[in-house]
Amino acid sequence: MPSEGILSVVGTPIGNLSDASPRVLDVLARADVILCEDTRVTGKLLSAFGIHVSMQRCDENVMAERIAPTLTRIAAGERVAFVSDAGMPGVSDPGQRLVDAALDAGLPVEVVPGPSAVTCAVAASGIACEHFFFEGFLPRRRAAQLERLRELTAIPGALVVYESPRRVSATLAVVAEVMPARRVALVRELTKVHEEVVRDVAPALAQTVAGRDEIRGECVLVIAPPTDAERDARRQATSDVAGLTLDEAIRRELAQGEPKTALARHLARSFSLGRAEVYDRVVELAAEG
């Protein structure tokens, strides 16, 4: 290990404390300070292994004000460990801002690997994931979810989505609406005693989850890649507008009597744009006549 100051980005267990590697524990024990999302959560981890190191809260609300003092400490030769509540910092959290600032300042940064809900869920799902896209959390509002999921249909790989147990049923219903032919795996309570993987085509899985009294534990949805039928439909839609600008395609379809909402949905897929953006342009051009 280097003797000069360093920022250590440390992956911590996502449920099972036995997943903390000897290197993770060594780096935490030798740190001068540990930056963490929640000192109560990290305090329990440290207590479980008899580690006594000063902690500082460093979540998204205080990240901006923590960066400069942290860089000063590292430059002065201190070892700073950075952890999230669980998993790898910088994955679906603002931690990359601190890493970015340290690298820009020419300070040493090391990654101490640990569990990640993304890769664990991909492995546990059994769904073909030669290529996958990590979305993180979808928008909370249903309309925004619909729009975002429609944009994601163009990605030629599996999709990985984080969701809370309170919202997972509603989110699955939207997935079933947008991608009814796709298989989906709900993976929850990863690495814990009650770890579970439930798989089915999206509408059936949504119905199964909606019928449960309660869902517990943080959830990950792994959505299978586009089906052959989806890819064929997309290629056909793209060929229909090949060589046309968005405005040209809109004017052509309007002249053929295509309803505005259906037209916006169709062209949003073809041009890989947001439906709301395309719909606004459809309305503008329709008003021009």
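Below is a summary of the structure that appears in this document. (Residues numbered from 1 in each chain as written. Predicted model: local features only at pLDDT ≥ 70, side-chain atom pairs only at ≥ 80, totals over all residues. Heavy atoms only, no water.)

In this section: the overall build of the chain. Assigned secondary structure in the chain consists of 12 helices and 10 strands. If one aligns the C-alpha atoms of the chain with their principal axes, the spans along those axes are about 70 × 45 × 30 Å. Per-residue burial for the chain yields a buried fraction of 43% across its 289 residues. Pairs at least 24 apart in sequence give 70% of the contacts found in the chain among residues at least 6 apart. Separation of charge centres in the chain, based on 33 positive and 40 negative side chains, amounts to 3 Å. (Helix = DSSP H or I, 4+ residues; strand = E, 2+ residues; numbered from the N terminus. Buried < 20%, exposed > 50% of the residue type's maximum accessible area, 1.4 Å probe, protein only. Contact = heavy atoms within 4.5 Å. Lys, Arg positive; Asp, Glu negative; His and termini not counted. Charge placed at Lys NZ, Arg CZ, Asp CG, Glu CD.)

With that out of the way, let us pick up the packing of helix α6 (residues 142–152) against helix α7 (residues 168–178). With their axes 10 Å apart at the nearest point, α6 and α7 run at an angle of 45° to one another. When the interaxial angle is binned, α6 and α7 end up oblique. Viewed along their axes, α6 and α7 form a crossing whose handedness is right-handed. Facing α6, whose interface residues are R142, Q145, L146, L149 and R150, α7 presents T171, V174, V175, E177 and V178. (Axes fitted to C-alpha atoms, helices over the stretch in contact; angles between N-to-C directions. Parallel < 35°, antiparallel > 145°, perpendicular 65-115°, else oblique. Left-handed = near helix turned anticlockwise from the far one by under 90°.)

Let's shift gears to the sheet that holds strand β1 (residues 6–10). Strand order in the open sheet formed by 5 strands is β3-β2-β4-β1-β5, with parallel pairing between adjacent strands. The open sheet has two edge strands, β3 (55–57) and β5 (109–112), and neither has a second partner. For this sheet, the mean inter-axis angle between neighbouring strands, taken without regard to orientation, is 25°. Bridge count for strand β2 (residues 33–36) against strand β4 (residues 79–82) is 3 bridges, and the pairing is parallel. Across the sheet, I34 pairs through a bridge with A81, a residue of β4. Against the sheet, helix α1 (residues 22–30) touches β1, β2, β4 and β5, its axis set at about 135° to β5. (Pairing = 2+ DSSP bridges.)

Bringing the packing of aromatic side chains into the picture now. Here the structure, examined in full by the defined rule, presents 2 aromatic pairs. When the ring of F134 is compared with that of Y162, the centres are 5.0 Å apart and the planes differ by 70°; the resulting orientation is edge-to-face. Taken together, the residues F134 in strand β6 (residues 132–137) and Y162 in strand β7 (residues 158–163) connect sequence positions 28 residues apart. Judged by centre distance (5.6 Å) and plane angle (70°), the ring pair of F137 and Y162 falls under edge-to-face. Placement of the pair is F137 in strand β6 and Y162 in strand β7, with a sequence separation of 25 residues. Under the relative-accessibility criterion, F137 is labelled partly exposed at 41%. A relative accessible area of 12% places Y162 in the buried class. (Phe/Tyr/Trp six-rings, centres within 6.5 Å; stacked < 30°, edge-to-face > 60°.)

Any link to function would need more than the numbers given here.
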